[in-house]
Amino acid sequence: MAPGLRDLQLTRLAGADEESGDLEDVRLLDSYEDTGSFNRIEEGMRTIQVRVTGMTCAACSNSVESALNSVNGVLRASVALLQNRADVVFDPNLVKDEDVKNAIEDAGFEAEILPEPGTFGTKPHGALVGQFTIGGMTCAACVNSVEGILRNLPGVKRAVVALATSLGEVEYDPTVISKDDIVNAIEDAGFEGSLVQSSEQDKIILGVTGIYTEMDVQLLEGILIHLKGVRQFRFDKMTREVEVLFDPEVVSSRSLVDGIEAGSNGQFKLNVTSPYARMTSKDVEEASKMFRLFTSSLFLSIPVFLIRVVCPHIPRVYTLLLWRCGPFQMGDWLKWLLVSLVQFVIGKRFYIAAARALRNGSTNMDVLVALGTSASYFYSVYALLYGAVTGFWSPTYFETSAMLITFVLLGKYLECLAKGKTSDAIKKLVELAPATAVLLFMDKGGKSIGEREIDALLIQPGDTLKVLPGTKVPADGVVAWGSSYVNESMVTGESVPVLKEVDSLVIGGTINLHGALHIKATKVGGDAVLSQIISLVETAQMSKAPIQKFADFVASIFVPTVVALAVLTLLGWYIGGALGAYPEQWLPEKGNHFVFALMFGISVVVIACPCALGLATPTAVMVATGVGANNGVLIKGGDALERAQKIKYVIFDKTGTLTQGKATVTTAKVFTGMDRGEFLRLVASAEASSEHPLAKAIMEYARHFHFFDEPSATKDSPKHNKETNSRWLFDVLEFSALPGKGVQCFIDGKLLLVGNRKLMTESGITIPTHVEDFLVELEESAKTGILVAYDNCLIGVLGVADPLKREAAVVVEGLKKMNVMPVMVTGDNWRTARAVAREVGIQDVMAEVMPAGKADVIRSFQNDGSVVAMVGDGINDSPALAASDVGMAIGAGTDIAIEAADYVLMRNNLEDVITAIDLSRKTFARIRLNYVFAMAYNVVAIPIAAGVLYPSLRIMLPPWAAGACMALSSVSVVCSSLLLRRYKKPRLTTILEITVE
């Protein structure tokens, strides 16, 4: 498991479950560090923390400290041996994070850059993440080149570029470098760059209708100039869109739109342009551009092909072509003119891309295409000029150049279409977002006094919105009025409609089925669930699986190797012909040994295809993440996919994961003459001040028993129930919660204890044999026993059960059939844990484990190199999720659990664990198949193009045919990945080999 944020989370959260004294010591130390001189950082300096592994003594820490202080630009460095940590302050203009890490590694130790203190689950303070479109990339070599350029920019902390989406994600410090600087760097490298969106919410693009003349444009500009908070703007007359940069602290996006519309007296109507919609339109535009280039090239190439192949069989036409016009025949003039247009007008992009790659010290497919087409074109021109001068006319190969470019463009067009299919998941998610919303205006009493329709992208937190039956919920929020059933399947994958009443949470993009609702928006923009899902899918699609490093390595040496093979092929055939190694009859009509050898060399250059290798992994990962999102399984990256397909152990948390997380009292037994109602009243009085889930279950049970004859009391509002509690409960004094034991308090001057055996034993309470037997019976039936003692006498026992999820046992059995071993970990007692494990069929059980200890359990399974997954749902599970190789947050979990997890299972259903593992396995099986195909293609095709089969079978692959093969190879790999779209969730009946009659 790669180190990273996981270990930081584990370290920080582990202390949360220690004794209070230890926790207090930690806080004192933190306070001391905060006021220390080390943290008083000079303006413009940056501080980072680095985990250093391998230090064993003070000499080691001194060595690391010396290595860091010797780096030019490092202001100071402090290394703590016991904490295995180094704090480094440096000038970001001179030193990058990677330089600090390299200095430590050069000293012989392992280093890992940690997020800044206090940024748990967030980006470092001040850092922004920008998403940029990068046009002109053709293969993995281009990706490597762009990534290298971006990572070397000052202020850039991280840069990831995805070939399949033509997107780059850059994390940068806005105080050091701007978005425009990044775009300029991309364009200076010869690519097309533009910003799609960033985490800095200060830009909005508005479509404007109502502009017809230059006066209208001036009116719009005048309005924007006088609006407070507007920093700058730019109106595009072609697209009728205005891009506005504004200060969100001064003016909101909705106020901006309202101000423009009001300033124009209603003449202008504005709509917010979604960045995702712009991305989709750019994809369509790229595919359209490729289609236009292909059709143009085809239109010009067909006459060249006809002149060479068909016209010689039509006497009158052929006579016209043989007519001499100046030094050349008419046919030669036509071929030269048509092919020159293809070569230098339509094929200009290949020369530009090849020059760009060579300028950056790299090579790619464009270099091969430019070499192959230039060789055939310029040789043909040379042959014509040589014939005009000497009278010896050699055959020309203009059609080779034209057809080669045509087939390459066809391949690029088909590739664009296929890539578009791989991003369908994001397009579908974007389509879920509602376009408009009905905003309600409320008076102080909470009554609606009016409404208006607004763009859904202009919703702000706190807005009250009206949701009619059959319409989409416009934003994440809370139901303020009404009740209805909502279809959440498009977001969570849960097919059954969910009842929504007052105070129920709703998700933007889901569909309201029946009744009208008023909701109060709580999360909008990037904080909304739908936006986070899209962001997760995008991030996953842009991530690189470790297996892709192989393709990147091959791509870096591929083109030079192919060029070398082509030269050797040309020399081999040419020298062989000169030495008489093959008969003259093999030569083309009017040809010579050089022309014969040149055709084999060109074929080698153009048939080799590094694109297929570069697309093998990212396209499969893109499709898999999209398929996962459609099935309620969000995957955070290709590395998570790669680890998940190797899972050997799945560790389940018990409460809320294997069980429903809804504790209920099933048994209440009194062992004295006390009335049962009085017994429950005593226990409820003690537990009323506790926040423990079991305490809430006891309160519900006691309240129901007490008010059984007064059902109206249980139907009152929470506030009324709270007031009722104070009337029927005893007065409690000196209440205290005892972690890991229970609670204690005084009622009527007598000590009341509610808790486990440990609490009773430490308090000197004797547990009679018959009570112990009853307690054991409860625990062996998967229930938790709670002992109650009053006035130093044990008076009763409560049995609390948390029902298992109905699919738990079947999923556990299914995992075993998939050769994955399930393990259960819980803080409950051993008898209860074993009983629950027995019900679901789990053999390996870890009980009485504190939350911080779950991570240690995971590490014990990792010791033999096994890949371990952890499935959990809450804050207490986040350290274990982070420590595992594959963390799975189920039921959407808490925010902190989602941050620590690699997979987010939107439904609260354990079957998705099987789906996640199965999808990972099928994805990597497809990736391996893609690599086998891509490698096999090149291994087989290059020798054939080099003429290996010509001496025995007379099989020669013309350059234009080699170009067609090259173009189709990458398309076939993408189509292979697209087959993952047919993925169906595994049926448990199939996994368990159950025959349903």
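Residues numbered from 1 in each chain as written. Predicted model: local features only at pLDDT ≥ 70, side-chain atom pairs only at ≥ 80, totals over all residues. Heavy atoms only, no water.

**What about the overall build of the chain?**
Then comes step 1: Counting its secondary structure elements, the chain contains 37 helices and 36 strands.
Then comes step 2: Within the chain, buried positions represent 51% of all 997 residues.
Then comes step 3: Once local pairs closer than 6 in sequence are excluded, the contacts in the chain between residues at least 24 apart make up 69%.
Then comes step 4: For the chain, the exposed surface amounts to about 45,900 Å²; the carbon and sulfur share of it is 57%. (Helix = DSSP H or I, 4+ residues; strand = E, 2+ residues; numbered from the N terminus. Buried < 20%, exposed > 50% of the residue type's maximum accessible area, 1.4 Å probe, protein only. Contact = heavy atoms within 4.5 Å. Areas by Shrake-Rupley, 256 points an atom, 1.4 Å probe, with all protein chains shown as cover.)

**Topic: the packing of helix α23 (residues 676–687) against helix α24 (residues 693–706)**
Then comes step 1: Between α23 and α24, the shortest axis-to-axis distance is 9 Å and the interhelical angle comes to 145 degrees. Where α23 crosses over α24, the handedness of that crossing is left-handed. Along its contact with α23, which presents R676, G677, L680, V683, A684 and E687, the element α24 presents A695, I698, M699, Y701, A702 and F705. (Axes fitted to C-alpha atoms, helices over the stretch in contact; angles between N-to-C directions. Left-handed = near helix turned anticlockwise from the far one by under 90°.)

**Focus: the sheet that holds strand β19 (residues 484–487)**
Then comes step 1: The strand order across the open sheet formed by 3 strands is β20-β19-β22, and the pairing between neighbours is antiparallel. Two strands close off the open sheet at either side, each with one partner strand: β20 (498–500) and β22 (511–512).
Then comes step 2: Relative to β22, β19 runs antiparallel, the two sharing 2 bridges. For N487, the partnering residue across the bridge sits in β22 and is I511. (Pairing = 2+ DSSP bridges.)

**As for helix α30 (residues 830–840)**
Then comes step 1: Within α30 the residues assigned to the buried category are T832, A833, A835, V836, A837 and V840.
Then comes step 2: In this fold, the buried residues of α30 make contact with α22 (654–658), α28 (769–780), β30 (784–790), α29 (808–817), β32 (821–825) and β33 (844–846).

**Here we look at the sheet that holds strand β24 (residues 633–635)**
Then comes step 1: An order of β24-β36-β35-β34-β25-β32-β33 is seen for the 7 strands of this open sheet, with the pairing classed as mixed. The outermost strands of the open sheet, each flanked by one partner alone, are β24 and β33. The sheet shows a mean angle of 20 degrees between the axes of neighbouring strands, direction not considered.
Then comes step 2: Of the strand pairs in this sheet, strand β34 (residues 867–872) and strand β35 (residues 886–890) are connected by 4 bridges, and their pairing is parallel. Within the sheet, the bridge partner assigned to G872 lies in β35 and is A889.

**Concerning empty space enclosed by the protein**
Then comes step 1: Tallied over the entire structure, the rule returns 4 cavities of 30 Å³ or more.
Then comes step 2: When its volume is computed, the second largest cavity comes out at roughly 50 Å³.
Then comes step 3: Looking at the second largest cavity, the residues that line it are M365, V408, G411, K412, E415, C611, M966, A967 and S970.
Then comes step 4: Elements with a minimum of two residues in the lining of the second largest cavity: α14 (398–422) and α36 (959–978).
Then comes step 5: Broken down by element, the lining of the second largest cavity gets its largest block of residues, 4 residues, from α14.
Then comes step 6: Residue composition of the lining of the second largest cavity, by class: 5 nonpolar, 2 polar and 2 charged. (1 Å grid on protein atoms, 1.4 Å probe; cavity = no way out; pocket = protein on both sides within 12 Å on 5 of 7 lines; lining within 4 Å. Points joined across faces, edges and corners; volume = space filled by probe spheres on them. Nonpolar A, V, L, I, M, F, W, Y, C, P; charged D, E, K, R; others polar.)

**Some points on the confidence of the model for the chain**
Then comes step 1: Mean pLDDT for the chain: 78, with 83% of residues reaching 70 or above.
Then comes step 2: Within the model, the stretch residues 115–125 combines pLDDT values under 50 with 20 contacts to residues more than four positions away or in other chains.
Then comes step 3: Across residues 709–725 the pLDDT falls below 50, and counting only partners more than four positions away or on other chains, this stretch makes 8 contacts in the model. (pLDDT = per-residue confidence, 0-100.)

**A short note on the packing of aromatic side chains**
Then comes step 1: Taken as a whole and judged by the stated rule, the model has 24 aromatic pairs.
Then comes step 2: Where F596 meets Y950, the ring centres are 5.6 Å apart and the plane angle is 65 degrees; that geometry is what we call edge-to-face. Placement of F596 in helix α19 (residues 593–607) and of Y950 in helix α35 (residues 950–953) is noted, with a sequence separation of 354 residues between them. Each member of the pair F596 and Y950 is classed as buried.
Then comes step 3: Each member of the aromatic cluster is reached from another via a ring pair, and the members are W573, Y582, W586, F596, F600 and Y950.
Then comes step 4: Over the ring of F774 we find K669; its NZ or CZ atom is 5.7 Å from the centre of that ring.
Then comes step 5: The positively charged end of R681 is found above the aromatic ring belonging to F730, 4.1 Å away from the centroid. (Phe/Tyr/Trp six-rings, centres within 6.5 Å; stacked < 30°, edge-to-face > 60°. Lys NZ or Arg CZ within 6 Å of the ring centre and 35° of its normal.)

**Some details on the packing of helix α11 (residues 330–346) against helix α13 (residues 365–390)**
Then comes step 1: Where α11 contacts α13, the two axes come as close as 12 Å, and the packing angle between them is 155 degrees. Compared by their axis directions, α11 and α13 come out roughly antiparallel. Relative to α13, α11 is oriented so that their crossing is left-handed. For the pair α11 and α13, contact is made by D332, W336, V339, S340, Q343 and F344 and by T373, S374, Y377, F378, V381 and L384, respectively.
Then comes step 2: Within the contact of α11 with α13, the residues separate by chemical class into 7 nonpolar, 4 polar and 1 charged. (Parallel < 35°, antiparallel > 145°, perpendicular 65-115°, else oblique.)

**Brief notes about the side chain of T396**
Then comes step 1: Among the secondary structure elements, T396 is positioned in the loop between α13 and α14.
Then comes step 2: When its relative accessible area of 7% is taken as the criterion, T396 is described as buried.
Then comes step 3: A polar side-chain atom of T396 sits 3.5 Å from a polar atom in the side chain of K335.
Then comes step 4: Discounting residues that sit within four places of it in the chain, T396 has contacts with R308, K335, S380, A383 and L384. (Polar contact = N/O pair within 3.5 Å; in protein donor to acceptor, adjacent residues only side chain to side chain.)

**Details of the nonpolar core**
Nonpolar side chains tend toward joint burial in soluble globular proteins.
Then comes step 1: The biggest cluster of nonpolar side chains holds 148 residues, and the ones touching the most others in it are I647, V650, M888 and Y903.
Then comes step 2: By residue number, the principal contributor to this core is helix α34 (residues 911–945), which donates 13 residues.
Then comes step 3: Every residue in contact with V650, bar those within four places of it in the chain, is listed here: L815, V820, M821, P822, V823, A869, V871, V913 and I917. (Core = buried A, V, L, I, M, F, W, Y, C linked by side-chain atoms within 4.5 Å.)

**Focus: a negative patch on the surface**
Then comes step 1: A grouping of E98, D99, E105, D106 and E110 is seen on the molecular surface, where their side chains present a negatively charged patch.
Then comes step 2: You can see E98 is positioned in helix α4 (residues 97–106). (Patch = residues over 30% accessible without salt bridge, like charges linked within 9 Å, V, L, I, M, F, W, Y side chains within 5 Å. Salt bridge = Lys/Arg side-chain N within 4 Å of Asp/Glu carboxyl O. Lys, Arg positive; Asp, Glu negative; His and termini not counted. Charge placed at Lys NZ, Arg CZ, Asp CG, Glu CD.)

**Digging into the environment of G148**
Then comes step 1: Take G148: it is sitting in helix α5 (residues 140–151).
Then comes step 2: A relative accessible area of 28% places G148 in the partly exposed class.
Then comes step 3: As a C-alpha pair, G148 and A159 span 11 residues in sequence and 8.5 Å in three-dimensional space.

**Some details on the pattern of salt bridges**
Then comes step 1: Tallied over the entire structure, the rule returns 20 salt bridges.
Then comes step 2: The partner of R254 in a salt bridge is D463, and the shortest N-O contact between them spans 2.5 Å. With a gap of 209 residues between them, R254 in helix α8 (residues 253–263) and D463 in the loop between β16 (448–455) and β17 (464–467) connect regions that are remote in the sequence. Exposure class is identical for R254 and D463. Each is buried.
Then comes step 3: Where D856 meets R859, a salt bridge forms, and the shortest distance between an N and an O atom there is 2.9 Å.

**What to know about the environment of P497**
Then comes step 1: Within the secondary structure, P497 is located in the loop between α16 (489–492) and β20.
Then comes step 2: It is 8.4 Å that separates the C-alpha atoms of P497 and L513, two residues lying 16 residues apart in sequence.
Then comes step 3: Contacts of P497, omitting those with residues within four sequence positions, involve Y485, V486 and L513.

**Quick look at a nonpolar patch on the surface**
Then comes step 1: Together, I302, F305, L306, V309, V310, I314 and V317 line one region of the surface with nonpolar side chains, adding up to about 490 Å² of accessible area.
Then comes step 2: No other element matches helix α9 (residues 275–309), which puts 4 residues into the nonpolar patch.
Then comes step 3: A relative accessible area of 36% means that L306 is categorised as partly exposed.

**With respect to the side chain of D91**
Then comes step 1: Examined against the element boundaries, D91 turns out to sit in the loop between β3 (85–90) and α4.
Then comes step 2: Buried D91, no salt bridge; nearest opposite-charge side chain is R46, N-O distance 9.8 Å.
Then comes step 3: A polar contact is formed between the side chain of D91 and the backbone nitrogen of N93, at a distance of 2.9 Å.

**Focus on the environment of G963**
Then comes step 1: Within the fold, G963 resides in helix α36.
Then comes step 2: A relative accessible area of 0% means that G963 is categorised as buried.
Then comes step 3: Sequence-distant contacts of G963, defined by excluding residues within four places in its chain, comprise L404, F407 and V606.

**Remarks on unusual backbone geometry**
Then comes step 1: We note that E734 has phi near 55 degrees; this positive angle belongs to a residue other than glycine.
Then comes step 2: Within the secondary structure, E734 sits in strand β27 (residues 733–738).

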